[in-house]
Amino acid sequence: MSDQRKHPARGDAFDSPSAPVAPSRRRFLTHTLGIGGGLVAYGATGGAALAATAGGAAKSDPAQAELPEAVRWKEADAFVLHGRSPITLESKRSAFGSSGITPANRLYVRNNLPVPDARIVADPNAWELTVEGVEQPRTLSVAELKTMGLTSVAMVLQCSGNGRGFFAHETSGSQWRTGAAGNVIWSGVPLKTVVEALGGPVDGVKFVTSTGGEALPEGLDPDLVQVERSIPVDKGLDDVLLAWEMNGAPIPLAHGGPLRVIVPGYYGCNNVKYVKRVALTSAESTAKIQQTSYRIRPIGVSGAPDQPSMWDMNVKSWITGPGADESLPVKSGRQVIHGVAFGGNEAVESVDVSIDGGKTWETAELIGPDMGPYAWRTFALETNLPAGTHRLASRATSASGERQPEARQENERGYGNNSWRDHALMVEVG
Ligand SMILES: Nc1nc2c(c(=O)[nH]1)N[C@H]1C(S)=C(S)[C@@H](COP(=O)(O)O)O[C@H]1N2
Ligand SMILES: [Mo]
């Protein structure tokens, strides 16, 4: 059940209206992972305490000054900071808005490695990409890529572990709830256009393998740390974009600028930031992140290449209000329940909403622009909420008829959670 915490110490501060911290002081939530990842505790820090520890950073918002440098431009109050290194920054449930697009300053961030030097985005056009596995392999600058083609796509960027915080077993990894996701518009050149311009694929290619441009720590086997992901070549040539723009501006460093691989419909890890090499390959990358991490397997079982890879996303939705986080108390009477829904690797067809924990359902309205199959849509249901405590739930169905299940699929790493029950929102209506 979404409001029952698996570990008391992990008491969720941001979905529970009865959190033990006064909303006005709950400006900025942090949690710390004990050594070994066992104990997780949410702490709440008031503005005054933060100001005292801000180290004199010249920012008017003390919470913002506490953010890691690469994300300090973001709206601190919209986030829960799970970790500074690697950066693990989760959007609050109330931070998504209802107009469909997730603003850059409210979009979650996940970096497995230290963020590259900010100088790489000073002159984005100078960034270079090496393309291999084509008849005429070449290194191209972003400036050249910009002359080859242009398209744009709206898509849900979502970490495989979004919803991991609801699993009952001890999961290693960030304890994301609903906020390791966003809906973002990207512009760039289709990978297919670039591949064709370079003479087409060589024989025998099965995958598109993309390598992140981070500097790797010395003395370690690169395969252990390298962010290098492979996806099926058909998906790569149908849908992949080499993108330099996000929501109308050059991609910020934290989100993978100057150049990022965009795989609409696939989980976050496949969207390689700071991409320096794209290769059409006959085999999947030998990197750990491809071979054994991001694999769905039973609890207690180690990752292995024959297990399903975190590629295409499943159908999912969650309610974003009213009553999420430290928002105003919910009054009884007429209310508009709203949230976000997406089909995964296809469009979303419909959303049902329940105000009684899933006993009865009503069809919600899909509002706002339809930004294509890979984007999410806002849904809304006007209803009457009586006083009392209610469990608000939403359940999406995709274009091919996949429906969000009641229960999550149990798995070791806590990936792919789309359980409607886990994602329900408890609200107290006064
Ligand atoms: N080069 C590189 N690309 C990366 C990562 C990374 O650490 N390095 N993290 C991946 C993961 S796990 C996710 S969920 C998304 C997060 O994207 P965002 O930080 O823009 O939200 O980027 C993916 N691409
Ligand atoms: Mo992720």
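Our subject is the structure that appears above.
Residues numbered from 1 in each chain as written. Chains lettered and ligands numbered in written order. Predicted model: local features only at pLDDT ≥ 70, side-chain atom pairs only at ≥ 80, totals over all residues. Heavy atoms only, no water.

**Q** Can you lay out empty space enclosed by the protein for me, pointing to particular residues and giving the numbers?
**A** Going through the model one piece at a time under the given rule, you end up with one cavity of 30 Å³ or more. Computed from the structure, the largest cavity encloses a volume of approximately 260 Å³. Around the largest cavity, the lining comprises 21 residues; the ones closest to its centre are R110, N112, R260, G268 and K273. Each residue belonging to the lining of the largest cavity can be placed in one class, and the counts come to eleven nonpolar, six polar and four charged. (1 Å grid on protein atoms, 1.4 Å probe; cavity = no way out; pocket = protein on both sides within 12 Å on 5 of 7 lines; lining within 4 Å. Points joined across faces, edges and corners; volume = space filled by probe spheres on them. Nonpolar A, V, L, I, M, F, W, Y, C, P; charged D, E, K, R; others polar.)

**Q** Any details on the pairing of strand β22 (residues 388-398)? Residues and values, ideally.
**A** Looking along a regular strand, one sees side chains alternate from face to face of the sheet. Counted residue by residue, β22 has nine buried out of eleven residues, so it is predominantly covered. Where β22 and strand β23 (residues 425-429) come together, five bridges link them in antiparallel fashion. Residue H390 lies in a different strand from β23, and its bridge partner there is V427. (Buried < 20%, exposed > 50% of the residue type's maximum accessible area, 1.4 Å probe, protein only. Helix = DSSP H or I, 4+ residues; strand = E, 2+ residues; numbered from the N terminus. Pairing = 2+ DSSP bridges.)

**Q** Please provide a residue-by-residue account of the sheet that holds strand β19 (residues 362-363), values included.
**A** If you walk across this open sheet you meet the four strands as β19-β18-β22-β23, and the pairing is antiparallel. Across the chains shown, the open sheet's two edge strands, defined by having one partner strand only, are β19 and β23.

**Q** How would you summarise the site of ligand 1 if you had to cite specific residues and measurements?
**A** The immediate surroundings of ligand 1 are formed by 21 residues, with Y108, N112, E214, H255 and K273 found nearest. One of the side-chain N or O atoms of E214 is found 2.7 Å from a nitrogen atom in ligand 1. At a separation of 3.0 Å, a nitrogen atom of ligand 1 approaches a polar backbone atom of N271. For ligand 1, whose free accessible area comes to 530 Å², the fraction covered by protein is 100%. Taken atom by atom, the bulk of ligand 1 overlaps the largest cavity. When grouped by side-chain class, the residues that make up the shell around ligand 1 number eleven nonpolar, six polar and four charged. (Near = heavy atom within 4 Å. Polar contact = N/O pair within 3.5 Å; in protein donor to acceptor, adjacent residues only side chain to side chain. Areas by Shrake-Rupley, 256 points an atom, 1.4 Å probe, with all protein chains shown as cover. Sits in = over half its atoms within 2 Å of the grid points.)

**Q** Go over the sheet that holds strand β7 (residues 138-141) with me, naming the residues and quoting the values.
**A** If you trace the five strands from one edge of the open sheet to the other, you get β7-β6-β15-β10-β11, paired in mixed fashion. The sheet is open, and its two edges are formed by β7 and β11 (228-232), each paired on a single side. With direction set aside, neighbouring strand axes in the sheet form an average angle of 20°. As judged from the six bridges shared by strand β10 (residues 207-212) and strand β15 (residues 275-281), these two strands associate in the antiparallel manner. The residue bridging F207 from the neighbouring strand is T281, located in β15. (Axes fitted to C-alpha atoms, helices over the stretch in contact; angles between N-to-C directions.)

**Q** So what's going on with the nonpolar core? Residues and values would help.
**A** Grouped together as the largest cluster of nonpolar side chains are 32 residues, with contacts concentrated most on L129, L145, V194, L242, L259, V261 and V278. Elements supplying a minimum of two residues to this core: β6 (128-132), α3 (142-148), α4 (191-197), β10, β12 (241-246) and β15. Among all residues touching V194, those that are not within four sequence positions of it are V131, L140, L145, M148, V189 and L242. (Core = buried A, V, L, I, M, F, W, Y, C linked by side-chain atoms within 4.5 Å. Contact = heavy atoms within 4.5 Å.)

**Q** I'd like a description of the environment of T320, backed by residues and values.
**A** Looking at the secondary structure, you find T320 in strand β16 (residues 316-321). When the C-alpha positions of T320 and T378 are compared, they lie 9.5 Å apart, and in sequence the two are 58 residues distant. If near-sequence neighbours (up to four positions away) are discounted, T320 is found in contact with R93, S94, F96, H338, G339 and V340.

**Q** Would you mind going over unusual backbone geometry in detail, with residue names and values included?
**A** A cis amide bond links G257 with the next residue in sequence, P258, at an omega value of 10°. Tracing the sequence through the fold places P258 in the loop between β13 (249-250) and β14 (260-262). For the bond running from G321 to P322, omega is 5°, close enough to zero to count as cis. Of note, the phi angle at N247 is positive, near 50°, even though the residue is not glycine. For N247, the location among the structural elements is in the loop between β12 and β13. Backbone geometry at Y274 places phi at a positive 45°, although glycine is not the residue there. Along the chain, Y274 falls in the loop between β14 and β15.

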